[in-house]
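As a plain string of letters, each chain reads:
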Amino acid sequence: MKVTVIVCMLVVFGIIPAAFAQSYPELGVKVDVIAEDLKIPWSIDFAQDGRVFFTERVGTLNVIDDGKIIELLNLSVGGGEGGMLGVSLDPSFDENHYVYVYYTYNEFLGIKNKLVRYVEANNVLSEDKVLLEGIPGAPYHDGGRIKFGPDGMLYVTTGDATSPELAQDLNSVAGKILRINSDGTIPDDNPFGSAVYSYGHRNPQGIAWDESGNLVATEHGPSGWRGVAHDEINLITPGSNYGWPDVIGDETKEGLTNPILHSGDDTWAPSGSTFYYGDIPQWSGKYFLAALKGEHLRAVEFDSEYNVVSEQELFSGEFGRLRDAVAGPDGLYILTSNQDGRGNPQLGDDKILRISFLYDMSNSPLWTSNITMWHSEGLISDQELVDALSYLDGRNIISKN
């Protein structure tokens, strides 16, 4: 009891930091707090020079540079589920310093969303070009995820802005996944001669590509007249119609594409997502999505035909609502969203967290590499790998990072 009181006093008076790594031996990972006391962080991206860019839904874009958070942009944005949403750095950021931001704005006739390109210099932004504007918006269903694909094109998710019929209207950019060139022009090979790449979406908030270039997206299922739950993971192909509001879950209709996985009667409220191919061997190749209402990080393993091999809920209830999951240069990053009016904020919320491999294999006996080799060849399972590493750690044969 005395130790707890002393530690709490040291934290309060700033003698030791409140943030520290937490180990999860049962998963073979550790979690570090990269930033805390944030205001609804929504999206994150990484520069090769080590800087980390992230948005806060309240209207700010920030950069973490040498451990310090610097505000780059502060705009008056729309409220509700809207605000400062997606951020993405240009694939050639080192040369052109382009930063792309998607945000909600208010105008006389209602709420809209726009995509703007900025130029960064010495942690200062200047507006360069408005790429898309007038995207239908509302207090709910604004989409907002933006990412560059392996084809060099910029992909943008938009919600139906609480008007479900717009998702089926090819003359509207609402309820769609859009694909544009980095200057806002329309690629010649887009399926409809417009920015629309796929349609029939309710509120897609996560897009990610596997190492073969397949695009997978998360989407919030209904919560009203059309039913509830049935959140979706969709394999996106150009020109396909994903059915909202005509079908949900396993319902079928000619010409409409079903999800490769949905939540059934459970609600995940999936947001940002990523494929992970980093240094956590038991997670390599898996698809991860951040769940808001579900309050977990969901790991899904697909086979080559996109059948589901396995699913796992990770950190269930541990960090609260999760908004984004991104494979970073040194681990898997997740953003909490407990200050968004629907969560239960804890001390330090909201946070940027980094998940990394728990064990240091670099100083281990050479023969221990056999374990990860056996795992990569499918001879032992993820859990057998984690259990073996934990056993070796307990016998001081390997050590923790």
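Let me begin by describing the structure that accompanies this report.

Scoring rules and cut-offs
Residues numbered from 1 in each chain as written. Predicted model: local features only at pLDDT ≥ 70, side-chain atom pairs only at ≥ 80, totals over all residues. Heavy atoms only, no water. Helix = DSSP H or I, 4+ residues; strand = E, 2+ residues; numbered from the N terminus. Expected span 1.5 Å × (residues − 1). Contact = heavy atoms within 4.5 Å. 1 Å grid on protein atoms, 1.4 Å probe; cavity = no way out; pocket = protein on both sides within 12 Å on 5 of 7 lines; lining within 4 Å. Points joined across faces, edges and corners; volume = space filled by probe spheres on them. Nonpolar A, V, L, I, M, F, W, Y, C, P; charged D, E, K, R; others polar. Pairing = 2+ DSSP bridges. Buried < 20%, exposed > 50% of the residue type's maximum accessible area, 1.4 Å probe, protein only. Polar contact = N/O pair within 3.5 Å; in protein donor to acceptor, adjacent residues only side chain to side chain. Patch = residues over 30% accessible without salt bridge, like charges linked within 9 Å, V, L, I, M, F, W, Y side chains within 5 Å. Areas by Shrake-Rupley, 256 points an atom, 1.4 Å probe, with all protein chains shown as cover. Salt bridge = Lys/Arg side-chain N within 4 Å of Asp/Glu carboxyl O.

1. Quick notes on helix H4 (residues 382–394)
For an α-helix, the turn length of 3.6 residues means that residues three or four places apart are oriented alike.
(1) Moving on: Compared with an ideal rise of 1.5 Å per residue, which puts 13 residues at 18 Å, H4 spans 18 Å between its outermost C-alpha atoms and is within 8% of the ideal.
(2) Moving on: On the buried face of H4, the contacting elements are strand S27 (352–357), strand S28 (359–360), helix H3 (369–376) and strand S29 (399–400).
(3) Moving on: A positive phi of about 60 degrees marks Asn396, the residue just after H4.

2. With respect to the layout of surface pockets
(1) Moving on: Put simply, the largest pocket is a space of about 750 Å³.
(2) Moving on: The class makeup of the residues in the lining of the largest pocket is 17 nonpolar, six polar and eight charged.

3. Thoughts on empty space enclosed by the protein
(1) Moving on: Considering all chains together, one arrives at one cavity of 30 Å³ or more under this definition.
(2) Moving on: One number sums up the size of the largest cavity: a volume of about 50 Å³.
(3) Moving on: Taken together, Arg202, Glu219, His220, Gly221, Pro222, His230, Glu232, Trp244, Val247 and Ile248 form the lining of the largest cavity.
(4) Moving on: Split by residue class, the lining of the largest cavity holds four nonpolar, three polar and three charged.

4. Focus: the sheet that holds strand S20 (residues 261–262)
(1) Moving on: In spatial order, the strands read S15-S16-S19-S20; together these four strands make up an open sheet with antiparallel pairing. Strand pairing shows two members of the sheet lacking a second neighbour, strand S15 (204–209) and S20, which therefore form its edges.
(2) Moving on: In the sheet, strand S19 (residues 232–236) pairs with S20 via two bridges, with the strands oriented antiparallel. Bridging across to S20, Ile233 finds its partner in Leu261.

5. Describing the side chain of Arg51
(1) Moving on: One can find Arg51 in the loop between strand S3 (41–46) and strand S4 (52–56).
(2) Moving on: On the accessibility criterion, Arg51 (8% relative accessible area) is buried.
(3) Moving on: Polar side-chain contacts of Arg51 include one of 2.8 Å to the side chain of Glu120.
(4) Moving on: Aside from chain neighbours lying at most four places away, what touches Arg51 is Asp45, Phe46, Val63, Ile64, Asp65, Phe93, His97, Glu120 and Asn123.

6. What to know about a nonpolar patch on the surface
(1) Moving on: A cluster of nonpolar side chains, Met373, Trp374 and Leu379, forms an exposed patch at the surface whose accessible area comes to about 310 Å².
(2) Moving on: Within the element layout of this structure, Trp374 appears in helix H3.
(3) Moving on: The partly exposed category is assigned to Trp374, whose relative accessible area is 38%.

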